[in-house]
Each structure stands twice: as structure tokens, then as C-alpha cells.
Amino acid sequence: MTARISYDEVAVGTELPAQSFPVTRATLVQYAGASGDFNPIHWNEKFAKEVGLPDVIAHGMFTMAEAIRVVTDWAGDPASVVEYGVRFTKPVVVPNDDQGAVIEVSAKVAAKDDEARTVRVDLVAKSDGQKVLGMSRATVRLA
Amino acid sequence: MALDQSFVGRTYPATDPYEVGREKIREFAEAVGDANPVYRDPEAAKALGHSDVIAPPTFVFAITFKAAGQVIQDPQLGLDYDRVVHGDQKFAYTRPVRAGDRLSVTSTIESIKSLAGNDVLSVRGEVHDESGEHVVTAHTMLVARAAEEA
């Protein structure tokens, strides 16, 4: 369980490389199958609109899965994540066109714990200019 | 209608073990577009000290959410399942989920609140492997939106 990043190398304020994750209707169908969440709001436009949504929306858990990639790609070993939590504040709307939507994720080290040799990483996930996750943070054990 | 507070603290029986397969992990990693070899290549996983491929951090939700279904669909609790949305989610890991794990989930209702007519339900799912070792705890907050006036 070795993180690639050394605890001593990072400081509060260290920014992790930001990433953008595209999401289309096809992505959502694939994620539905892999996760077992077949709620029609994630693939059926008619149903989504009937329950008051602007269009089909991405699974919150899909967005959560993408956001943590900024941390796992940085740390090297995904097992270095010891805690991860988010609040689902706004849905990621995925139109049925060639583009779909994009989830933009940035992250920085917000606190260090010398005893546990862990850092708290605060994440910001946006889509279409709107914040889609709130209170999004991970605790990561570094080398 | 506000949910019955006496359900707070109720623990449901542990689920039958879910066996985590390498191909299921690969399928999940592909679905989220994550090419990290530690999710597909046992040798890459071993190089990092794991005994087999591990699962991405949020993979376990599929198992804990299914387990939480016992709570959500408990007819005695009477949650309006059609109006439920996911409010927040947190995981605390003792170790990563890996291929070959046989995982059981024990769900407990942690709190029930009523906020602006919405029912807010927090469920804790404790995930253990076959030897009884703790793997991860999932905290799931669900919101049942208030029904519109008929």
C-alpha cells in the first residue's frame, strides 16, 4: 500500500493535477450496468423530465467515482485513500448530443496530520460552471 | 409524514456474502474510464503490496446500497422510496476491496431527521470479509422529498 507521493513533499496548499472527465449517455448506460443502479433518471429522458429534472442526470456515485481519480492518480496507490466523502449538491445534466457533459475536478491539500502521516485533500467538482459536489474531501495516507 | 424515531439504532441482519470478482472490478473501472493497472493486472497490484487486483474506492457502494435496500424498503419504516434521492456519501476504509473478497454488510439506521418536510435518513453499512475483518464503513444519507400537496 505504497503511495507514490511522500508525506514530507506536500504542504498545505499543494495543488493536485486537475482533470476533466467527459460523460455521455453511453457512459451512463455503461456505469448503470457496472454499478447495478438502473434508475431511469440516468438514461430515460422522458422519465427524468416527468419527475421534474431538466434532462437525464449522471449518477451521483459516478461523479464521486470520477472526482477521486484526481487523488488516486496523484497518490499512485488507490489504497492510500483511507476516507472519502461527498455531498451531492447539484446534478450533472447530460444532454443527448455529441458532447454530453464534462466534470471538472480540482483538488488541493487542506490539512496535514503528522501523527497519522495523512493529508486531507479538498476536492472541487464542477459541471457547466456549477459546483456539483459539496464538502468533498478525502483523507490520504502518504509514504 | 415524519418517520418513526424509534427506528434509530435499529440494525438489520448481515447480508449474504457478495463475492468480488476480478472481471466485475474491471467492468467497473472501465465504466468510470479509469485505466489504473492496479484494477486489472494482478502483477501491478502485487507490486503495490496487494494480494490481488483491488477495486476503485467507490466500487463497494453497489454492495452497501443493495444492503441499505433492506432499510429503505422496510414496510414498517414506511419511507416513500419513489421520492428518495442520495444526499451524501462517505466511506472509511480499513483496507481496499479486492478480488476474491466475500463481503457481508450490516446496516444500521444512524439517524432520522425531518427537514423542511423532507425525511432525512442516515444509514451506516459495516462491511466485513469472510474472516470477520473490517473492510470499509459506508455512511449513506438519503432524502425522501416531501410529497406535493394532492
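Residues numbered from 1 in each chain as written. Chains lettered and ligands numbered in written order. Predicted model: local features only at pLDDT ≥ 70, side-chain atom pairs only at ≥ 80, totals over all residues. Heavy atoms only, no water.

Keep this limit in mind: UniProt positions are given in the numbering used here, feature names are shortened, and annotations may be inferred rather than shown by experiment.
Identification of chain B as UPF0336 protein JO379_003060 from Streptomyces syringium is taken from an unreviewed UniProt entry. As its UniProt record puts it under Sequence similarities (unreviewed entry), chain B is described as follows: "Belongs to the UPF0336 family."

In the nomenclature of an unreviewed UniProt entry, chain A corresponds to Acyl dehydratase from the organism Streptomyces syringium. Recorded in UniProt for chain A, the comment headed Sequence similarities (unreviewed entry) runs: "Belongs to the enoyl-CoA hydratase/isomerase family."

Considering the pairing of strand E5 (residues 134-144) of chain B
Residue and element names in this part refer to chain B. We apply this condition: The classification of residues rests on relative accessible area computed with a 1.4 Å probe and restricted to protein chains. Under 20% of the type maximum is buried, over 50% is exposed, and intermediate values are partly exposed. A run of H or I in DSSP counts as a helix once it spans at least four residues, and a run of E counts as a strand once it spans at least two, with each numbered from the N terminus. At least two bridges found by DSSP between two strands is the condition for calling them paired.
Of all the eleven residues making up E5, nine are buried; the element is thus mostly covered by neighbouring parts of the structure. With nine bridges connecting them, strand E2 (residues 84-93) and E5 associate as antiparallel partners. Bridged to Lys 90 within E5 is His 139. The pairing of strand E4 (residues 118-128) with E5 spans ten bridges and is classified as antiparallel. Paired with Asp 119 across the bridge in E5 is Ala 144. Between E4 and the antiparallel strand that follows it, E5, lie five residues; Gly 132 among them carries a positive phi value of about 90 degrees.

Describing the interface of chain B and chain A
Quick reminder of the rule: Should any heavy atoms of two residues lie within 4.5 Å, those residues are considered in contact. Buried area: the accessible surface (1.4 Å probe) lost by two parts on joining, summed over both. Should a side-chain nitrogen of Lys or Arg be within 4 Å of a carboxyl oxygen of Asp or Glu, the pair is scored as a salt bridge. Nitrogen and oxygen atoms within 3.5 Å of one another constitute a polar contact, given that in protein one can donate a hydrogen and the other can accept it, and given that sequence-neighbouring residues count only through two side-chain atoms.
Counting residues at the interface gives 28 residues for chain B and 29 residues for chain A. Taken together, both faces of the contact between chain B and chain A bury some 2400 Å²; the carbon and sulfur share is 57%. Here chain B is connected to chain A by three salt bridges. Here Asp 88 of chain B ties to Arg 87 of chain A by a salt bridge, and the two come within 3.7 Å at their closest N and O atoms. Summed over the shared surface of chain B and chain A, the result is eight residue pairs in polar contact (both at pLDDT 80 or more). Elements supplying a minimum of two residues to the side of chain B that touches chain A: helix H1 (22-31), helix H3 (61-72) and E2 of chain B. The element contributing the most residues to the side of chain B that touches chain A is E2 of chain B, with eight residues.

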